[in-house]
Amino acid sequence: MSVDAATVKRIGRLARIRIEEEEVAAYQTELNAILGFVEQLGEVDVAGVEAMTSVTPMTLRHREDVVSDGNYPEKIVGNAPLTEDNFFMVPKVVE
């Protein structure tokens, strides 16, 4: 895949980057080199390679998924300007 000058200008506009006319050729060369490297990645044989989420082996900690109220409602509403029975009170906005 090759990037032309019009595509470089469009990418600059989409990225909200001002690209001067004399810079277009340099960016075009850089983008074409980057896309060349990406195309090389497609040639790598990854058959049998397991997907990984980290470069170091690790296991995720699991906890039981339960619904609770947090068991500390006083702390939750403690800084609220107006509460009642551990609920936030707000002004009525819809009549």
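Report on the accompanying structure. Every residue gets a number counted from 1 within its own chain, in the order that chain's sequence is written. Local features in this predicted model are restricted to residues whose pLDDT is 70 or higher, and side-chain atom pairs enter the listing and the counts only when it is 80 or higher, whereas totals over whole chains, interfaces and linings include all residues. Values shown for side chains rest on all heavy atoms present in the structure; no hydrogens or waters enter the calculation.

Quick look at the overall build of the chain now. In this text, helices come from DSSP runs of H or I with a minimum length of four residues, and strands from runs of E with a minimum of two, each type numbered from the N-terminal end. The helix and strand inventory of the chain stands at three helices and two strands. Helices and strands in the chain line up, N terminus first, as α-α-α-β-β. Whereas a compact globule of 95 residues would reach a radius of gyration of roughly 12 Å, the chain reaches 28 Å, over 25% beyond that. Counting only C-alpha atoms, the chain reaches 65 × 45 × 25 Å along its principal axes. Accessibility here uses a 1.4 Å probe with only protein chains present; expressed as a share of the type maximum, an area under 20% marks a residue as buried, one over 50% as exposed, and anything in between as partly exposed. Taken across its 95 residues, the chain has 5% of its residues classed as buried. Here the open area of atoms and residues is found with the Shrake-Rupley method and a 1.4 Å probe, where only the protein chains shown may cover a residue. Accessible area for the chain stands at about 9,400 Å²; split by element, carbon and sulfur atoms hold 57% of it. Placing the 9 positive and 17 negative side-chain charges of the chain at their respective mean positions leaves the two points 7 Å apart. Each radius of gyration is computed over the set of C-alpha atoms, and the globule rule expresses the reference value as 2.2 Å times the number of residues to the power 0.38. Positive charges come from Lys and Arg, negative ones from Asp and Glu, while His and the chain ends are left out of the count. Charged side chains are reduced to one point each, which is NZ for Lys, CZ for Arg, CG for Asp and CD for Glu.

Together, Leu41, Val44, Val46 and Val49 give the surface a local cluster of nonpolar side chains, amounting to about 400 Å² of exposed area. If you trace the backbone, valine 46 turns up in the loop between helix H2 (24-41) and helix H3 (73-76). To count toward a patch, a residue needs a relative accessible area above 30% and no salt bridge. Like charges then connect within 9 Å, nonpolar side chains (Val, Leu, Ile, Met, Phe, Trp, Tyr) within 5 Å. Only one rule defines a salt bridge in this text: a Lys or Arg side-chain nitrogen within 4 Å of an Asp or Glu carboxyl oxygen.

Moving on, we get to the packing of aromatic side chains. Paired rings are identified among Phe, Tyr and Trp, the last through its six-membered ring, by centres lying within 6.5 Å, and are further divided according to the angle between planes into stacked (under 30 degrees), edge-to-face (over 60) and tilted (the rest). Taken as a whole and judged by the stated rule, the model has zero aromatic pairs. The positively charged end of lysine 75 is found above the aromatic ring belonging to tyrosine 72, 5.9 Å away from the centroid. Only lysine NZ and arginine CZ atoms are considered, and such an atom sits over a ring when it is within 6 Å of the ring centre and within 35 degrees of the ring normal.

Next up on the list: unusual backbone geometry. Even without glycine at this site, arginine 16 takes up a positive phi of about 60 degrees. Counting through the fold element by element, arginine 16 comes out in the loop between helix H1 (5-14) and H2. Phi is positive for asparagine 71, which is not a glycine, with a value near 60 degrees. Summarising the element assignment, asparagine 71 is placed in the loop between H2 and H3.

Below, the discussion takes up the environment of aspartate 85. By the element assignment, aspartate 85 lies in the loop between strand S1 (83-84) and strand S2 (87-88). Each C-alpha atom of the pair aspartate 85 and threonine 7 lies 61 Å from the other, and the pair is 78 residues apart in sequence.

The tally for this structure, following the rule as stated, stands at two salt bridges. With a closest N to O distance of 3.3 Å, lysine 9 and glutamate 21 form a salt bridge. Note that lysine 9 is positioned in helix H1 and glutamate 21 in the loop between H1 and H2, a separation of 12 residues in sequence. Relative accessible area serves as the criterion here: at 40%, lysine 9 is assigned to the partly exposed category. Looking at glutamate 21, the relative accessible area reads 54%, which means it is exposed. With a shortest N-O distance of 4.0 Å, arginine 18 and glutamate 20 are connected by a salt bridge.

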